[in-house]
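Residue-level structural notes
If you want the building blocks of each chain, they are given just below.
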Amino acid sequence: MGHPSTLRRLWRYVWAAPTTLLGLLLIPLAGRGGVRRRDGLLEASGGLLGRLLAHATFLSGGVAAVTLGHVVLGRTAGCLDRTRAHEREHVRQCERWGPLFVPAYLAAGLWTWIRGGHPYWDNRFERLAREAEAAPPVAPDRA
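Residues numbered from 1 in each chain as written. Predicted model: local features only at pLDDT ≥ 70, side-chain atom pairs only at ≥ 80, totals over all residues. Heavy atoms only, no water.

Some remarks on the overall build of the protein
When you go through the protein residue by residue, the secondary structure sums to 6 helices and 4 strands. Ordering the α and β elements of the protein from the N terminus gives α-β-β-α-β-β-α-α-α-α. Relative to the 2.2 N^0.38 estimate, which gives 15 Å for 143 residues, the radius of gyration of the protein is 15 Å and therefore close to what a compact globule would have. The principal-axis extent of the C-alpha atoms belonging to the protein is close to 50 × 40 × 30 Å. The 143 residues of the protein split such that 37% are buried. For the protein, long-range pairs separated by at least 24 residues make up 54% of all intrachain contacts whose partners lie at least 6 apart in sequence. Taken as a whole, the protein presents about 8,800 Å² of accessible surface, with 65% of it coming from carbon and sulfur. Within the protein, one finds 19 positive and 11 negative side-chain charges whose respective centroids are separated by 4 Å. (Helix = DSSP H or I, 4+ residues; strand = E, 2+ residues; numbered from the N terminus. Rg over C-alpha atoms; globule rule 2.2 N^0.38 Å. Buried < 20%, exposed > 50% of the residue type's maximum accessible area, 1.4 Å probe, protein only. Contact = heavy atoms within 4.5 Å. Areas by Shrake-Rupley, 256 points an atom, 1.4 Å probe, with all protein chains shown as cover. Lys, Arg positive; Asp, Glu negative; His and termini not counted. Charge placed at Lys NZ, Arg CZ, Asp CG, Glu CD.)

So this is what it looks like as structure tokens:
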């Protein structure tokens, strides 16, 4: 049997795999913009992907980055660098919620909107990610 921390890490990847698959399907849109592996994640930026994040979102002005499982998609490499702590919190959320992450995120936004809040800025998942930006960095798991 493997080491418990290795098994936990493997389980987190398996549990988040359906959401990660969505992110993997979008990576080719980065074109030559760049794909890199960092901290056990794939990051992609630029190309058509960057333009979509800038213009084809529900937020005026677009978004700098989006996390889908263990894939982080950004407008540019600089956006990925600036949003790293925020997006890593979304990775942890994906690891906790697994295939339920996207529906739970959307439901939280809808519930917030129904109650009179902003579906993005007041969304519980986004509030937690903004709190993570202000917290000291968390060291990656050690095998």
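Next comes the rest of the description.
Observations concerning the pattern of salt bridges
Taken as a whole, this structure holds 10 salt bridges when the rule is applied. Measuring nitrogen to oxygen at the nearest pair gives 3.4 Å for the salt bridge that ties R12 to E95. One end of the pair, R12, is in helix α1 (residues 4-26); the other, E95, is in helix α4 (residues 84-97), with 83 residues separating them in the sequence. Linked through salt bridges whose partners overlap, the residues forming this network are R36, R38, D39, E43, D81, R84 and R88. (Salt bridge = Lys/Arg side-chain N within 4 Å of Asp/Glu carboxyl O.)

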